[in-house]
Amino acid sequence: MRMNPSYAFDTFTKTHKQSEIERLTRNVASHSKALCEHFMANGLISSKKVLDVGYGTGAMLNMFASLMPETEFTGVDNSKDILESTNSIAEKNLRFIRSRLPFEDESFDFVYTRLVLMHNSEPLNIVREMRRVCKPGGIVVCVEIDDETAFFYPYAMEFSQLIRANIEYALRRGTDRTMGRKLFGIYKSLGLSNVKVITQTSDYEGPYDDLPFSLRLAMGPDEAKHLVDAELITDEQRMDWMAKINKFCEDPNRFYSGSFMYCFGKKP
Ligand SMILES: C[S@@+](CC[C@H](N)C(=O)[O-])C[C@H]1O[C@@H](n2cnc3c(N)ncnc32)[C@H](O)[C@@H]1O
């Protein structure tokens with residue numbers, strides 16, 4: 001499985017590692033209801049052996065394992081440092097392996113990954129591997145974001161342009177923030193059957209105490225100067241949009257929505 005991930009946890013600074021672990025843990029917590037609903041309704045509930053590819057903090061494995069104590073859960077991750085962050089995992093039916101997919105063909109009933117394909121140069125190969133280790137009749141699940149589904153009010157047009165510039169910036173660095181829409185085609189090309197995509201839009205229950213993540217990411221630490229340097233936006237646009245972000249944050253009626261795409265398919 002060739003990968004070339006753009007997300008290299010092991011190269012992060014100690015502070016960045018800690019903040020990333022906290023962010024990922026919060027992110028899984030805030031999507032736990034949707035994750036449980038969609039996974040349970042699409043095959044997890046009856047699965048005996050489950051694999052999480054790129055488990056990160058292990059928050060999802062922990063959550064599912066506590067709901068399904070009879071099921072054997074396994075996680076793989078290619079970060080050698082990630083194990084430190086999974087020390088708190090208490091469930092006995094978890095097995096962590098820090099490597100690629102070292103499993104026999106047809107080993108699992110349910111194989112899932114979340115926010116991993118977007119960071120890899122060859123997402124098709126990862127899903128092919130997931131398909132390989134899945135049993136016939138088993139389910140392959142990929143959950144990815146698609147930043148172009150993010151929308152804002154007020155300043156919808158300006159922020160969409162900023163998000164679009166960040167998508168391009170990330171793409172040049174090997175991260176595809178529009179992976180969500182590509183899952184259907186990947187599944188079809190690998191011959192998975194009963195392919196379906198659920199677009200899970202975040203329910204807004206503001207007010208935010210922080211900026212929506214996609215906007216914060218686009219701003220970066222330098223108020224989007226890196227996007228100007230990369231010639232993706234002009235400095236005039238940058239200054240206008242930074243002022244509008246401040247106004248957005250002050251607006252008690254501001255609205256934001258973004259989507260995760262859940263793709264399910266059956267191994268024939
Ligand atoms: C953004 S995090 C997502 C973690 C977790 N799936 C979640 O939803 O919170 C991506 C994780 O995938 C791992 N990863 C990236 N590419 C991988 C690959 N090709 N094989 C295994 N793990 C990978 C990274 O080390 C990291 O822990």
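Before going into details, it helps to say that this report is about the structure given with it.

Conventions and cut-offs
- Residues numbered from 1 in each chain as written.
- Predicted model: local features only at pLDDT ≥ 70, side-chain atom pairs only at ≥ 80, totals over all residues.
- Heavy atoms only, no water.
- Helix = DSSP H or I, 4+ residues; strand = E, 2+ residues; numbered from the N terminus.
- Rg over C-alpha atoms; globule rule 2.2 N^0.38 Å.
- Buried < 20%, exposed > 50% of the residue type's maximum accessible area, 1.4 Å probe, protein only.
- Contact = heavy atoms within 4.5 Å.
- Areas by Shrake-Rupley, 256 points an atom, 1.4 Å probe, with all protein chains shown as cover.
- Lys, Arg positive; Asp, Glu negative; His and termini not counted.
- Charge placed at Lys NZ, Arg CZ, Asp CG, Glu CD.
- Salt bridge = Lys/Arg side-chain N within 4 Å of Asp/Glu carboxyl O.
- Pairing = 2+ DSSP bridges.
- Axes fitted to C-alpha atoms, helices over the stretch in contact; angles between N-to-C directions.

### Observations regarding the overall build of the chain
Part 1 of the argument: Secondary structure assignment for the chain yields ten helices and nine strands.
Part 2 of the argument: For 268 residues, the compact-globule estimate of 2.2 N^0.38 gives 18 Å, and the C-alpha radius of gyration of the chain, at 19 Å, lies within 12% of that figure.
Part 3 of the argument: Considered along the principal axes of its C-alpha atoms, the chain spans approximately 55 × 40 × 35 Å.
Part 4 of the argument: Buried positions account for 52% of the 268 residues belonging to the chain.
Part 5 of the argument: Within the chain, residue pairs in contact and separated by at least 24 positions form 77% of the contacts whose partners lie at least 6 positions apart.
Part 6 of the argument: For the chain, the computed accessible surface area is about 13100 Å², with 51% contributed by carbon and sulfur atoms.
Part 7 of the argument: Each charge sign in the chain was given a centre, from 34 positive and 37 negative side chains, and these centres are 5 Å apart.

### Thoughts on the pattern of salt bridges
Part 1 of the argument: Within the structure shown, the criterion is met by 14 salt bridges.
Part 2 of the argument: In this structure, the salt-bridge partner of glutamate 148 is arginine 181, at a minimum N-O distance of 3.1 Å. One end of the pair, glutamate 148, is in the loop between strand S5 (134-145) and strand S6 (151-153); the other, arginine 181, is in the loop between helix H6 (156-172) and helix H7 (183-189), and 33 residues separate them in sequence.
Part 3 of the argument: Close ionic contact of arginine 172 with glutamate 168 constitutes a salt bridge, the shortest N to O distance being 3.5 Å. You can see arginine 172 and its partner glutamate 168 sitting in helix H6, four residues apart, about one turn around the helix.
Part 4 of the argument: A relative accessible area of 27% places glutamate 168 in the partly exposed class.

### Brief notes about the environment of serine 214
Part 1 of the argument: Mapping serine 214 onto the fold places it in helix H8 (residues 213-219).
Part 2 of the argument: On the basis of relative accessibility, which here comes to 3%, the residue serine 214 falls in the buried class.
Part 3 of the argument: As for serine 214 and alanine 150, which are separated by 64 residues in sequence, their C-alpha atoms are 7.8 Å apart.
Part 4 of the argument: Serine 214 has contacts with Asp147, Ala150, Phe152, Ile163 and Tyr256, leaving out every residue within four places of it along the chain.

### Considering the sheet that holds strand S2 (residues 72-76)
Part 1 of the argument: Strands sit in the order S3-S2-S1-S4-S5-S9-S7 across an open sheet of seven strands; the sheet is mixed. Single-partner strands in this sheet number two, and they are strand S3 (94-97) and strand S7 (193-201). Averaged over all adjacent pairs, the angle separating strand axes in this sheet is 15 degrees, with direction ignored.
Part 2 of the argument: In the sheet, strand S4 (residues 108-114) pairs with S5 via six bridges, with the strands oriented parallel. Residue pairing across strands places valine 111 opposite valine 140, the latter belonging to S5.
Part 3 of the argument: Where helix H3 (residues 59-67) meets the sheet, its contacts fall on strand S1 (49-53), S2, S3 and S4, and the angle it forms with S2 comes to roughly 180 degrees.

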